[in-house]
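Chain by chain, the residues:
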Amino acid sequence: MTADLSIIGLLIDASLPVQIVLLLLGVASLVSWSIIFTKRRLIRRTTDASDDFEAAFWSGGDLNTLYRSATRTKGGSIGMSSIFESGFREFNRSVQSGDGGTQKPIEDSRRAMRVAQMREVDRLEQGLATLATIG
C-alpha cells in the first residue's frame, strides 16, 4: 500500500472542512500581501512627496508660490504638503475675513493643520486593522 504524500494528493484526499479552511487561508494570504504591497507603495509615495515639499519649504521661497504649486499637484497633495495646504488656505481665509485680531488666523491654521494631519494618518493607517486581524 503506497500513500500519495504529494501536496496536491494530500489536498485532494483531505476532508471538505480542511479544504475550505485551506482555501480561506490562501485567500487571506493573498489579501494580506495585497495590503502590504499597496501600503508599501503608498508610504513610499508619501515619503517622496514629503521630502520634495520639505526641500521646497526650507529653501526659503515665497509661501504663496509654494501653496500654488501644492494645490496644482496632480491627484491632490499628500503628506506634509497637504497639511501645509490646509493650514495656509485657512490662514489666508481668516486674514481676509479680518475678524478676530492677530491670534485668530494662527489658531484657525493650527486647527486646520491638525485636521489635515489626522486625515493623513487615517489614510496611511487604512487597511492595517484588516492586516492585523488576518495576522
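Rules used throughout
- Residues numbered from 1 in each chain as written.
- Predicted model: local features only at pLDDT ≥ 70, side-chain atom pairs only at ≥ 80, totals over all residues.
- Heavy atoms only, no water.
- Phe/Tyr/Trp six-rings, centres within 6.5 Å; stacked < 30°, edge-to-face > 60°.
- Helix = DSSP H or I, 4+ residues; strand = E, 2+ residues; numbered from the N terminus.
- Buried < 20%, exposed > 50% of the residue type's maximum accessible area, 1.4 Å probe, protein only.
- 1 Å grid on protein atoms, 1.4 Å probe; cavity = no way out; pocket = protein on both sides within 12 Å on 5 of 7 lines; lining within 4 Å.
- Points joined across faces, edges and corners; volume = space filled by probe spheres on them.
- Nonpolar A, V, L, I, M, F, W, Y, C, P; charged D, E, K, R; others polar.
- Core = buried A, V, L, I, M, F, W, Y, C linked by side-chain atoms within 4.5 Å.
- Contact = heavy atoms within 4.5 Å.

Draft legend 1. Inspection of the packing of aromatic side chains at higher detail. The full count for this structure, using the stated rule, is seven aromatic pairs. Centroid distance Phe57 to Phe84: 6.1 Å. Interplanar angle 70°. Geometry classified as edge-to-face. In this pair, Phe57 sits in helix α2 (residues 16–58) while Phe84 sits in helix α4 (residues 80–97), placing the two residues 27 residues apart along the sequence. Judged by relative accessible area, which is 10%, Phe84 ranks as buried.

Draft legend 2. Summary view of the environment of Phe91. Positionally, Phe91 belongs in helix α4. Accessibility expressed as a relative area gives 32% for Phe91, which makes it partly exposed. On a C-alpha basis, the gap between Phe91 and Thr130 in space is 37 Å, while along the polypeptide they are 39 residues apart.

Draft legend 3. A look at the layout of surface pockets. Here the largest pocket defines a volume of roughly 240 Å³. Along the wall of the largest pocket there are 15 residues; nearest its centre are Ala49, Thr73, Ser77, Ile78 and Ser81. Of all elements in the fold, only α2 and α3 (63–71) reach the threshold of two or more residues within the lining of the largest pocket. Among the residues forming the lining of the largest pocket, the class breakdown is six nonpolar, six polar and three charged. Considered as a void within the structure, the second largest pocket measures approximately 180 Å³ in volume.

Draft legend 4. Spotlight on the nonpolar core. One finds Phe53, Leu66, Tyr67, Phe84 and Phe88 forming the largest nonpolar core, which totals five residues. Here Phe88 is in contact with Leu63, Asn64 and Tyr67, once residues within four sequence places are set aside.

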